[in-house]
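Summary of the model geometry
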Amino acid sequence: MNKSMLKITAFGIAVIGFYIYITIYVAGLSGTGGGETAGGVSPEAGENIFWGDGQCGTCHKIGSIGSATRGPDQEGLAMRAEERAKELGLPSGLDYLVESIVEPDKYIVKGYDKIMPKVYDPPIMLSREKILAVLAYLQTLGGEADINAIMKYKDKIPEASKKKVKPWVPPVVVDAKEGEKVFFDETRPVTCGKCHVVNGRGKKVGPELTGIGAIQTPEYFVESILKPSAKIVKGYETMYVITSDGIPYNGLIKSETEEELVLLKEESGEIEEVVIPKSDIAEMKKQEVSIMPGNIGELLSVRDFYGIVSYLQSLK
Amino acid sequence: MNNLKILLQLTKRSAFVVVLLFFLSLALPMPSSQNVIAGDVLAEEVKEGGGVELPQFEAGQSPVSPQSPEGQPAEGAEAGVAGGEEEEMAPVQYRAFFGMDSRTVVWIVSELHLMFAAFVLGVPIFAVIVEIVGFKGGDIKYDKMAKEFTKLLSAAFATTASLGGLLGFCLFGLYPEFMGHMTNVFAPTMYVYALMFFGEAFTLYAYYYSWEILKGTAARKWFHITLGVLLNLFGTGLMFLTNSWATYMMSPAGIVPATGKVLSLYHAFYNPLWMPVNIHRLIANVCFGGFVVGAYAAVKFLGAKTEEEKAHYDWMGYVGNFIGVGALIPLPFAGYWLGREVYSASPVMGNIMMGGAFSWTFIIQAILIGMLFIGANYYLWLGMGRIRGSERYTKFIKYLVFVIFMCFAVWLTPHNLPLSGEERAMIGEQYHPFSKYFGVMAAKNAVVNLIILSTFFSFLIYRRSNKGEMVPFSEQGRAGKIGIFSVLIFCLLMLVSYAISLNFVELEANIKVFVKPLIRALYIQSFAVCLAVFLTFKNRGKLAQAMLFGVTACIAVLYFWYYGFEVMQKANLVLRYLSVTQVSIVMSCLIMNAVIDIFMFRKAKLVGGIAWGKMPVRSQYALILLCVVIVILMGLMGFIRSGLRMDWHIYGVLQDTSQWAYTPTLAFMGRIVGLIVALFLGLVTFVFWLANLGEKKEKGVLKEGCELAEPHPEH
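Residues numbered from 1 in each chain as written. Chains lettered and ligands numbered in written order. Predicted model: local features only at pLDDT ≥ 70, side-chain atom pairs only at ≥ 80, totals over all residues. Heavy atoms only, no water.

1. Notes on the overall build of chain A
As a reminder, the rule being used: Strands are runs of DSSP state E lasting at least two residues, helices are runs of H or I lasting at least four, and both sets are numbered from the N terminus onward. Note on definitions: a residue-residue contact is assigned when non-hydrogen atoms from the two residues lie within 4.5 Å.
Looking only at helices and strands, chain A has ten helices and five strands in total. Contacts in chain A between residues far apart in sequence, at least 24 positions, make up 55% of those at least 6 positions apart.

Right, here's the structure in full:
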């Protein structure tokens, strides 16, 4: 091979190398992990599943990776799992992790709600092997993975059904695209997009709904629209604040510093910001009632209502 | 290093398999008559006893699989056959490729096949165009170049066919259930495919081997060109056929989803994504062919020993780049149409693409397309250095660099950059208050159009670098006037018909008001195009071009950037009409300004000639960069198109229940695509080397003959 051909080859390899570097960099930036896709039960495979098929990243972040706040931050989870196991009288932290996945409603972290789905059921349908891989990854968050120990729990994890999922059918014929239109239509008395973000569109007052269809069922959406206070996502509880002058406020905390509290409150269908100096606050407590209007069911036609449900379900 | 690991792993396993097969072939007894009789007896027993009936499936009916989700036969499925009991053959869903990840194997083989196919389809288009240009212009060097590439084509054709065969075996072997479904739906078209393949092979070899025979008269040459056109028709037909299979997997139609029963082959074939993919691939193949030709010329240029060779390959590189960039300009528009149709076919798939798991791949795509535009512009600017008279225009380059890099920066800005808790607390909201406006579609559309306009401007100044005093347009005869007037009619039809159609879009009244500015913009552009023609006819062609550039930039870039935000916030549905309006306006500017430029400078005096071959070495590396990047881009887009189906073989119809039914991470995708690109470029180099072996030999013999002849000058 002559000299010019060698230089050309080196140049070509450098360009390909640059591309690979970019993909690894972007993978890290996007929170999808920079590792290779690994099969079997390994922390690497588990990490990919955590941020990919498992959709865990929709609700959990890990330290500075990801931005979801629906579920607890999983940084240092393995250590916390050991502590929780001791408190609950379980043999080990791994038992706590396994049970939290198999029966998500069994142990609820204080301050969070029963919103975690069973990942082996539709729509996520993780296989047993994938769940074991996720467990291996979770063990590395503040600890070390012990694959042999994990494999002993194999039979405790239900196998996902691979039968075709019977799709949810709304009682009237609706179109998810129409539902999207209604979701963002600001000309209506109630607009979901005023408080919820989907794929970067809308305003972030309430929880972001990007990818929500992958983790929640249509029944959950129906309940959340008709009875918004039934389950309030962590971090979106309404706060009741009374100032020293006796003025009451109900709203969501947008930000809080040592000096002041910024509250988002609803006023005639519009969201307003109120800045209250901390020194003026006489009393502050969480409410059991969501800031989301409770009469949305009355403001939507049946077709629009199910259109929205269909749209949310399509957000996978 | 990871690619190397994967390659080593593949090599090791392949070597192991070869060795294993060798020993097995030694260990296994040769077929003997005894075995044949035993088999016959078993068959007779089955017949006599009524025996086991093989499972029968009606066409379109999916067999019930007794397999576990991991694709392995379930325990119960392996009914014991010990003691001569009959075994019921369970239908196989998946097989592994010697213990390797079947999906990655199919991914690598299919992408390599597609890349070669793109070359084999793109280069003939290139070759025939060049041949026609050479024939009409009477320039023999065009003809020689067209022939040179057809020679490479015949070598690459065999590789493409071999890879196609390998892909077919992999698919039928590793994914039998899926291929059973595909065969069930598309069987008739598969025979057509085979017939068309014969057609392509015959016309290719006829086109290449008749090159010298069909020289001499115009009739012969036209017959030869017709062969080339036929070759392209067969090639394009083949591509359209296979596209229907690939797009059916994304947007299945014409079947009963639950049973797979075929209701209409026509609808399965002409599924919603078929035509957008056809158009996108057709343009992309021309672009791909152009840049590969450019890189071939660059390699030859860098290894050239004589000035004559350098001049030839410099010119070849220029032509390759010209065709590559020419096809690159409309490519984003075709891509946008495809993306829009993906949304229309399946909003879920659309969301996965732009807002879900795949949205980050478009950041990588933006980097690659940015590299293509910057590389192509850089090559043009360097090329101006070999043209006497170009000094008058080099002052524009710094502004173009600034504009293109700023556009690139906007294009790269991701909208959904996740922030850490601390960052969010500092900023006070989910997204960056400033940069988020550069990440949305309105901004990206605006800068893409500005990059295209800037690249077109680069090309115009390159084109007129050595042109001096012009002949006034009014004195140029009828051809120019008819040409420009025809283009005016075309542009007006495009702009006005779309403006009229916008009046009839079905939208709610409160949303429809947002369409009105688009209609106004189309009419303003129509007026600007008419004005440009009027000014050209009045011998003010340069002013006409500047005016048209200005109006287009103001509407399609500045106004629509601002208005895009407005529409996104208040009437998102209008965004699709806005994008088409934007494309129409920019296209009308490009077409009209190009035609004005051609006729305006048609008889212009030359300031100086083009010193072909006087190009810096770095310009050739720009050509190589363009080639490597377009190959990478093809690999990336292939991953996106195929990956959007997530865990479905056929979206919504046939689920992928194999253990590989997950979306790979971006990092893994990067490594695999990198490996594919390296393999492709390596194979192409090898194929080109093989194709040139005969030529070297020929030259060697000729040279030897000459040397022998030298002592006898009288001969």
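2. Some details on the overall build of chain B
Quick note on the threshold: Burial here depends on accessible area, computed with a 1.4 Å probe over protein chains only, as a share of the maximum for the residue type. Under 20% is buried, over 50% is exposed, and the range in between is partly exposed. All accessibility values rest on the Shrake-Rupley procedure with a 1.4 Å probe; residue burial counts only the protein chains present in the view.
Counting its regular elements, chain B contains 23 helices and two strands. Classification of the 715 residues of chain B by burial places 51% in the buried group. Contacts spanning at least 24 positions in sequence make up 82% of the contacts within chain B whose residues lie at least 6 apart. Taken as a whole, chain B presents about 32,900 Å² of accessible surface, with 69% of it coming from carbon and sulfur.

3. What to know about the packing of aromatic side chains
All names here are of chain A. The cut-off we apply is this: In summary, the pairing rule links any two rings of Phe, Tyr or Trp, Trp by its six-membered ring, whose centres are within 6.5 Å, and it sorts them by plane angle into stacked for under 30 degrees, edge-to-face for over 60 and tilted for everything else.
What the rule picks out here adds up to 46 aromatic pairs over all chains. Taking the centre distance of 5.6 Å and the plane angle of 65 degrees together, the rings of Phe50 and Tyr137 count as edge-to-face. Of this pair, Phe50 sits in helix α2 (residues 43-51) while Tyr137 sits in helix α5 (residues 128-139), placing them 87 residues apart in sequence. Residue class for Phe50 comes out buried when judged on its relative accessible area of 2%. A relative accessible area of 6% means that Tyr137 is categorised as buried.

4. Description of the environment of Lys144 of chain B
Residue and element names in this part refer to chain B. Within the fold, Lys144 resides in helix α4 (residues 140-174). Lys144 sits in the exposed class, given a relative accessible area of 54%. With 17 residues separating them along the chain, Lys144 and Ala127 place their C-alpha atoms 10.0 Å apart.

5. Quick notes on the packing of helix α16 (residues 441-463) of chain B against helix α20 (residues 541-570) of chain B
Residue and element names in this part refer to chain B. Note the threshold: In this analysis an axis means a line fitted to C-alpha atoms, helices contributing only their contacting stretch, and an angle means the value between N-to-C directions, from 0 to 180 degrees. An angle below 35 degrees is read as roughly parallel, one above 145 as roughly antiparallel, one from 65 to 115 as roughly perpendicular, and any other as oblique. Helix crossings get a hand from a simple test, with the near helix turned counterclockwise from the far one by less than a right angle marking a left-handed crossing and a clockwise turn marking a right-handed one. Each residue is assigned to one of three groups, with Ala, Val, Leu, Ile, Met, Phe, Trp, Tyr, Cys and Pro labelled nonpolar, Asp, Glu, Lys and Arg labelled charged, and all others, Gly among them, labelled polar.
Between α16 and α20, the least distance of the axes is 8 Å, while the angle of their chain directions is 165 degrees. Comparing the axis directions of α16 and α20 gives the class roughly antiparallel. Judged by the sense of rotation from one axis to the other, the crossing of α16 with α20 is left-handed. Facing Met441, Ala442, Ala443, Ala446, Val447, Asn449, Leu450, Leu453, Phe456, Phe457 and Leu460 of α16, the residues of α20 in contact are Gln545, Phe549, Thr552, Ala553, Ala556, Val557, Trp561, Gly564, Phe565 and Met568. The class makeup of the residues in the contact of α16 with α20 is 17 nonpolar, four polar and no charged.

6. Quick word on the state of the cysteines
All names here are of chain B. Our working rule: Two cysteine sulfurs form what is called a disulfide whenever their separation falls within 2.5 Å.
Applying the stated criterion to the full structure yields zero disulfides over all chains. Free cysteine Cys491: the closest other cysteine sulfur is in Cys589, separated by 9.4 Å. Assessed through its relative accessible area of 0%, Cys491 is described here as buried.

7. Digging into empty space enclosed by the protein
In this approach the atoms are scanned with a rolling probe the size of a water molecule, which exposes any empty space left behind. Condition: Detection works on a 1 Å grid of protein atoms alone, calling trapped sets that fit a 1.4 Å probe cavities and calling open sets with protein on both sides within 12 Å along at least five of seven lines pockets, with lining residues defined by an atom within 4 Å of a point. Grid points are joined across faces, edges and corners, and a volume is the space filled by probe spheres set on the points.
The final tally for this structure, using the stated rule, is one cavity of 30 Å³ or more. In this structure, the largest cavity is lined by Val15, Phe18, Tyr19 and Ile22 of chain A together with Ile364, Ile367, Leu368, Met371 and Ile632 of chain B. Listing elements by their share of the lining of the largest cavity, those giving two or more residues are α1 (3-30) of chain A together with α12 (361-384) of chain B. For the lining of the largest cavity, the per-class residue count stands at nine nonpolar, no polar and no charged.

8. Details of the pattern of salt bridges
Residue and element names in this part refer to chain B. Rules: Take a side-chain nitrogen of Lys or Arg and a carboxyl oxygen of Asp or Glu: if they are within 4 Å of each other, that pair is a salt bridge.
Per the counting criterion, the structure on display carries eleven salt bridges over all chains. Among the salt bridges present, the one from Arg386 reaches Asp314, with a minimum N-O distance of 2.5 Å. One end of the pair, Arg386, is in the loop between α12 and α13 (397-412); the other, Asp314, is in helix α9 (residues 307-328), and 72 residues separate them in sequence. The buried category is assigned to Arg386, whose relative accessible area is 3%. We classify Asp314 as buried; its relative accessible area is 0%. One salt bridge in this structure joins Asp597 and Arg463, with 2.8 Å as the shortest N-O distance. Placement of Asp597 in helix α21 (residues 575-600) and of Arg463 in helix α16 is noted, with a sequence separation of 134 residues between them. With a relative accessible area of 23%, Arg463 lands in the partly exposed category. Each of Glu131, Asp143, Lys147, Glu212, Lys215 and Lys221 takes part in salt bridges that share partners, so that together they form one network.

9. Structural notes on the environment of His181 of chain B
The topology assignment puts His181 of chain B in helix α5 (residues 176-209). In contact with His181 of chain B, not counting residues within four places along its chain, are Tyr248, Ile255, Gly260, Ile650, Val653 and Leu654 of chain B.

10. Examining the environment of Phe135 of chain B
All names here are of chain B. Inspection of the secondary structure assignment puts Phe135 in helix α3 (residues 102-137). You can call Phe135 partly exposed: its relative accessible area is 27%. Considered as a pair, Phe135 and Trp222 are 87 residues apart in the sequence and their alpha carbons are 9.1 Å apart. Filtering out sequence-adjacent residues up to four positions away, Phe135 remains in contact with Ala218, Lys221, Trp222 and Ile225.

11. Some points on α2 of chain A
All names here are of chain A. Counting buried positions along α2 gives seven out of nine residues, so the element sits mostly inside the fold. Looking at α2, one finds that the buried residues are Pro43, Ala45, Gly46, Asn48, Ile49, Phe50 and Trp51. On its buried face, α2 is in contact with α5 and α6 (147-151).

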